[in-house]
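Tertiary structure, described
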Amino acid sequence: MADPFKARNPFAPWDRRELPGMFDVEETARRVGHYKWAEMKLFEVLGGWIATVPEIDVKLRLGTHCYKHAWHAELWHNRLPELREMNPERLTCPPNDAMVRFVAALTEPEAPEMTIEKLVGVYRVFIPHFISAYTFHLNNTSQITDGPTSRSIKFILQDEFDDWRDGEMLIQSLLTTPAEVKRASEHQARLEILLIEAGGIAGPGTIGSADVE
Amino acid sequence: MRKFFPVEDLARDERFNQATNAERMADTRGTSNTGVIRKARSTNRLTPARPDATDAARSLMHGIMVGEIQALEGAGRTCFDFVTGEEAPFELKLDMARQCWDEARHVEISVKLSEWMGTELGQFVENTVLFAAACSQDPVLRLAGVNRALEGLAIDVFTTMKEFGELAGDPYLAFCEDWMLADEVTHVKMGSVWLRKITENDPERRAKALEFQSVVDKIFSYGGLRSESDESPILLARRFRELAGFSDGELSEIADVSLAALNERREALEKTFATSPA
């Protein structure tokens, strides 16, 4: 048996986590507040749409996914006070007016014939943007000082990938004619333009910049 | 998308047929058909021994399925219709979102159980009273009408169906009903907790909500469908309702309303039998 009193390194050789991170406490709280706002808007619209879609398989998926995004919002709600934000409502906000316009356009479709638009908005625009925002955050935050945020993001990303796959498969099952494909892509483009204007879910810099500075 | 979605616009595929509560209750294949068969036996409780048990159980399961769809839709609308913080607390909306997931699973379960029982989707009519109760402009009334009255009825229904499965030697049915029963107790408890919390300092609003709950309870006691009498197909499940936050006084009130509905139905039937030719 190994000597239990023999000195060991606090970081095992396979543990490559580092201290530096791109976000300080304040910036993390700002981003987390925007995530919470966006997740709230998403679970609300998913819940609202359930009664409006005639396709029963879509109805059931929307119900299931509604809860997942509510849970994400709850995780961020609980994280805010740990980031020195004692009034979580203060930071639960959109990053800018363009984001508000994006959510309004996303939420607009209601008619039972508009399931394609509803799903495209969520699964081809909003959720891919969540995945990129969370991935950027996870890869750039300090894995030691900001461990709780990283842990939440890992859980959330698992949901986002699962839901994206569910939604994409539903969309593919609904797109049966060239006209429907066109409808889907036009709606996607309309929403994507608004989200680009917003700079992403957390505003400009949501996924950093790929430009050489 | 509009806030407050009207019941007439509920989206359904071509298989669904909607009808009023009275029309649905008049379906002779139904669980609630206490009138036509009441003279033939001493109890109307839904058991495998009833001669019409197959159709009655299928009808009830189909009713559960469409009820779960509407409960899903209602909880979803509560997530969307009210402004967070101003009109409905954030935590209440989280509970409603959780309920969406639970109800979606219940639809999945009841679709599979219906298939297991040999029923096709749309084989029985759907009445939309449940969603109508979820259309109130006050979230507290929705909690009272849906979470306490209708989900309370679901506790009674699932208890009866679980017993039906046990008596019929169908562990598949009893197993699923027991899981759904556990969720329903949670939903009713959510309703009880939020109703008390939100109306803590607003007795008028609380009274209004409880009155609405009572109205919904009465609608769903139609024809003596549910009571503590053996003449009702569905038994009032006191124990599970207690777990869900109903007080003794509330339970007695529901029992009284249910019994009154049963007596009303009995008198109407006796009158019909007395006047109809032999």
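Note that this is a predicted model, so its numbers are computed, not measured.

1. A short note on the overall build of chain A
Across its full length, chain A holds 7 helices and 0 strands. Beginning at the N terminus, the succession of helices and strands in chain A can be written as α-α-α-α-α-α-α. Across its three principal axes, chain A shows a C-alpha extent of roughly 70 × 45 × 40 Å. Here chain A, with 213 residues, has 52% of them falling under the buried criterion. Treating the 23 positive side-chain charges of chain A as one cloud and the 32 negative ones as another, the clouds have centres 4 Å apart.

2. Focus: the overall build of chain B
When helices and strands are tallied, chain B shows 10 helices and 2 strands. Listing the helices and strands of chain B from first to last along the sequence gives α-α-α-α-α-α-α-α-β-β-α-α. Looking at chain B as a whole, 56% of its 278 residues qualify as buried. Sequence separation of 24 or more characterises 78% of the internal contacts of chain B that already satisfy a separation of 6 or more.

3. Focus: the layout of surface pockets
Gaps between atoms show up when a probe of the same size as a water molecule is rolled over them. Quantified by volume, the largest pocket comes out at close to 340 Å³. Taken together, 19 residues form the lining of the largest pocket, with A:Trp37, A:Met40, A:Lys41, A:Glu44 and B:Thr84 sitting closest to its centre. Among the elements of the structure, helix H1 (25-49) and helix H4 (97-107) of chain A together with helix H4 (90-116) of chain B are those that each provide at least two residues to the lining of the largest pocket.

4. Focus on H4(B)
Between the first and last C-alpha of H4(B) there are 39 Å, a value that for 27 residues agrees with the 39 Å anticipated at 1.5 Å per step. The first or second residue beyond H4(B) is B:Gly118, which carries a positive phi of 85 degrees.

5. Focus: the packing of helix H2 (residues 56-79) of chain A against helix H6 (residues 147-174) of chain A
All names here are of chain A. Across the interface, H2 lies against H6 with an axial gap of 11 Å and an inter-helix angle of 165 degrees. Taken as axis vectors, H2 and H6 run roughly antiparallel relative to one another. The element H2 and its partner H6 pack so that their crossing is left-handed. Residues Asp57, Val58, Arg61, His65, Lys68, His69, Trp71, His72, Leu75, Trp76 and Arg79 of H2 touch H6, and the partners they reach there are Pro148, Thr149, Ser152, Ile153, Phe155, Ile156, Asp159, Glu160, Asp162, Asp163, Asp166 and Leu170.

6. Structural notes on the side chain of B:Thr160
When you line up the elements, B:Thr160 lands in helix H6 (residues 139-167). If sequence neighbours within four positions are ignored, B:Thr160 has contacts with B:Arg45, B:Leu46, B:Pro233, B:Ile234 and B:Leu235.

7. Examining unusual backbone geometry
A positive phi angle, near 60 degrees, is found at B:Phe4, a position not held by glycine. Position of B:Phe4 relative to the elements: it lies in the segment before helix H1 (21-25).

8. Here's the deal with empty space enclosed by the protein
Residue and element names in this part refer to chain B. By the definition in use, this model includes 3 cavities of 30 Å³ or more. Each pocket or cavity is described by its volume, and for the second largest cavity that value is around 60 Å³. Broken down by secondary-structure element, the contributors of at least two residues to the lining of the second largest cavity are helix H3 (53-81), H4 and H6. Of the residues in the lining of the second largest cavity, the class split is 6 nonpolar, 4 polar and 1 charged.

9. Some words on the packing of aromatic side chains
Applying the stated criterion across every chain yields a total of 12 aromatic pairs over all chains. In textbook terms, an aromatic cluster arises when at least three aromatic residues are bridged by ring pairs, as seen for A:Tyr35, A:Trp76, A:Phe102, A:Phe126, A:Phe130 and A:Tyr134. In this arrangement the basic side chain of B:Arg148 is found over the ring face of B:Phe246, its NZ or CZ atom lying 4.6 Å from the centre. Just above the ring of B:Phe246 sits the side chain of B:Arg241; from NZ or CZ to the centre is 5.0 Å.

10. Some thoughts on the side chain of B:Asp217
Residues and elements named next belong to chain B. Its location among the elements puts Asp217 in helix H8 (residues 203-219). By relative accessible area, Asp217 is classed as buried at 5%. Excluding anything up to four places from it in sequence, Asp217 contacts Ala149, Arg226 and Ile254.

11. Some points on the confidence of the model for chain B
Residues and elements named next belong to chain B. Per-residue pLDDT for chain B has a mean of 85; in total, 89% of the residues score no lower than 70. Confidence, expressed as mean pLDDT per element, reaches its minimum in chain B at helix H2 (residues 34-37) with 42 and its maximum at H4 with 96. Throughout residues 34-41 the model reports pLDDT below 50, and contacts reaching past four residues in sequence, or to other chains, amount to 21 contacts. In the model output, the complex is listed with pTM 0.90 alongside ipTM 0.94.

12. Thoughts on the nonpolar core
Ranked by internal contacts, the top residues of the largest apolar core, which has 78 residues, are A:Leu62, A:Met99, A:Phe102 and A:Phe126. In terms of residues, this core owes the most to one element, helix H5 (residues 115-140) of chain A, which gives 13 residues. Once residues within four sequence positions are removed from consideration, A:Phe102 is found in contact with A:Val125, A:Phe126, A:Leu191, A:Leu194 and A:Leu195. Within the second largest apolar cluster, 40 residues are counted, among which are B:Ala53, B:Ala149, B:Leu181 and B:Leu225.

13. Comments concerning the packing of H2(A) against H5(A)
All names here are of chain A. It is the contact of H2 with H5, at a shortest axis distance of 13 Å, that shows an interaxial angle of 30 degrees. Here H2 lies roughly parallel to H5, going by the angle between them. Relative to H5, the crossing made by H2 is left-handed. Judged by residue contacts, Val58, Leu62, His65, His69 and Trp76 of H2 engage Thr115, Leu119, Tyr123, Ile127 and Tyr134 from H5. When grouped by side-chain class, the residues that make up the contact of H2 with H5 number 7 nonpolar, 3 polar and no charged.

Quick notes on the rules
- Residues numbered from 1 in each chain as written.
- Chains lettered and ligands numbered in written order.
- Predicted model: local features only at pLDDT ≥ 70, side-chain atom pairs only at ≥ 80, totals over all residues.
- Heavy atoms only, no water.
- Helix = DSSP H or I, 4+ residues; strand = E, 2+ residues; numbered from the N terminus.
- Buried < 20%, exposed > 50% of the residue type's maximum accessible area, 1.4 Å probe, protein only.
- Lys, Arg positive; Asp, Glu negative; His and termini not counted.
- Charge placed at Lys NZ, Arg CZ, Asp CG, Glu CD.
- Contact = heavy atoms within 4.5 Å.
- 1 Å grid on protein atoms, 1.4 Å probe; cavity = no way out; pocket = protein on both sides within 12 Å on 5 of 7 lines; lining within 4 Å.
- Points joined across faces, edges and corners; volume = space filled by probe spheres on them.
- Expected span 1.5 Å × (residues − 1).
- Axes fitted to C-alpha atoms, helices over the stretch in contact; angles between N-to-C directions.
- Parallel < 35°, antiparallel > 145°, perpendicular 65-115°, else oblique.
- Left-handed = near helix turned anticlockwise from the far one by under 90°.
- Nonpolar A, V, L, I, M, F, W, Y, C, P; charged D, E, K, R; others polar.
- Phe/Tyr/Trp six-rings, centres within 6.5 Å; stacked < 30°, edge-to-face > 60°.
- Lys NZ or Arg CZ within 6 Å of the ring centre and 35° of its normal.
- pLDDT = per-residue confidence, 0-100.
- Core = buried A, V, L, I, M, F, W, Y, C linked by side-chain atoms within 4.5 Å.

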